[in-house]
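# Per-entry structural report
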Amino acid sequence: MYSITSESASHPDILALIAALDVYQTALYPAESNHLVELTQLSDETLLMMVIRDNQLNAVGCGAIILNGDGTGEMKRVFIDPRHRGQRLGEKLLAALEDEALSRHCHTLRLETGIKQHAAVSLYERCGYHTRQAFAPYHNDPLSLFMEKVLVADVRLAVL
C-alpha cells in the first residue's frame, strides 16, 4: 500500500529522490540539455510538491508542478525509485498532481523530458500528454521532448 501526500520540497526524503534523479539524468544528457530546477527556492504559492510513501513511510517517488499564475503549470522532477516501478505509481502520482493543480485553477500542464527517457515518455503518453513545440523558457533541443495536457475537471454524479 502506498500513500501520496503534499510535502515540502526541502524534506530530506524528497531531496534524496531528486538527487537520485539528477544522477540518472546527468548520465544521459550533457549539462546544456539538463533543465534542472531548484524546487526549494520556490514559494508554496507557486509549487505543488508530492511524494509517494510505502507502508514503512519510505519515500519511493516524487513529482512537482510549478504554477505560473496564468492557468498553466509545468510538471517537474517526476521520479519513481526503480525498485518500485511497474506498479502504476507514476500514473497515480500524475493524477494526484493534476487534481491538485485543478484545485489551484491550473488548466494546462506542460513538461520537458529527455528523448532517452522512454519509460517517462510512455507514462506521459498513457496519461494523456501530447507532444508540442518548445515553450518558454526552453528552446528547441534535439535531446528534449515537450508535452502538454489540458486538464478537465472530473465530474462525478452523486447517486441518491
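This one's a predicted model, so the numbers in the text were calculated from it and none came from an experiment. (Residues numbered from 1 in each chain as written. Predicted model: local features only at pLDDT ≥ 70, side-chain atom pairs only at ≥ 80, totals over all residues. Heavy atoms only, no water.)

## Here we look at the nonpolar core
With 24 residues, the main nonpolar core has I65, M75, L94, L109, Y124 and Y129 as its most contacted residues. Secondary-structure elements contributing two or more residues to this core are β2 (47-53), β3 (59-67), β4 (72-80), α2 (89-103), β5 (108-114) and α3 (118-126). Of all the elements, α2 adds the most residues to this core, at six residues. When sequence neighbours within four positions are dropped, the list of residues in contact with M75 reads A64, I65, L94, L97, L109, R110, L111, Y124 and Y129. Listed in part, the 14 residues of the second largest apolar core include I14, I18, L39 and V51. (Core = buried A, V, L, I, M, F, W, Y, C linked by side-chain atoms within 4.5 Å. Buried < 20%, exposed > 50% of the residue type's maximum accessible area, 1.4 Å probe, protein only. Helix = DSSP H or I, 4+ residues; strand = E, 2+ residues; numbered from the N terminus. Contact = heavy atoms within 4.5 Å.)

## A few points about the pattern of salt bridges
Scanning the model with the defined rule gives 11 salt bridges in all. We note a salt bridge from E7 to R53, for which the minimum N-O separation is 2.9 Å. A residue pair is termed long-range when its members are at least 10 positions apart, and E7 in the loop between β1 (3-6) and α1 (12-28) and R53 in strand β2 qualify at 46 residues. A relative accessible area of 8% places R53 in the buried class. Between E148 and R132 there is a salt bridge, with its nearest N and O atoms 2.5 Å apart. Separated by 16 residues along the polypeptide, E148 in strand β7 (residues 144-150) and R132 in strand β6 (residues 130-132) bring together distant segments of the chain. Each of E7, D13 and R53 takes part in salt bridges that share partners, so that together they form one network. (Salt bridge = Lys/Arg side-chain N within 4 Å of Asp/Glu carboxyl O.)

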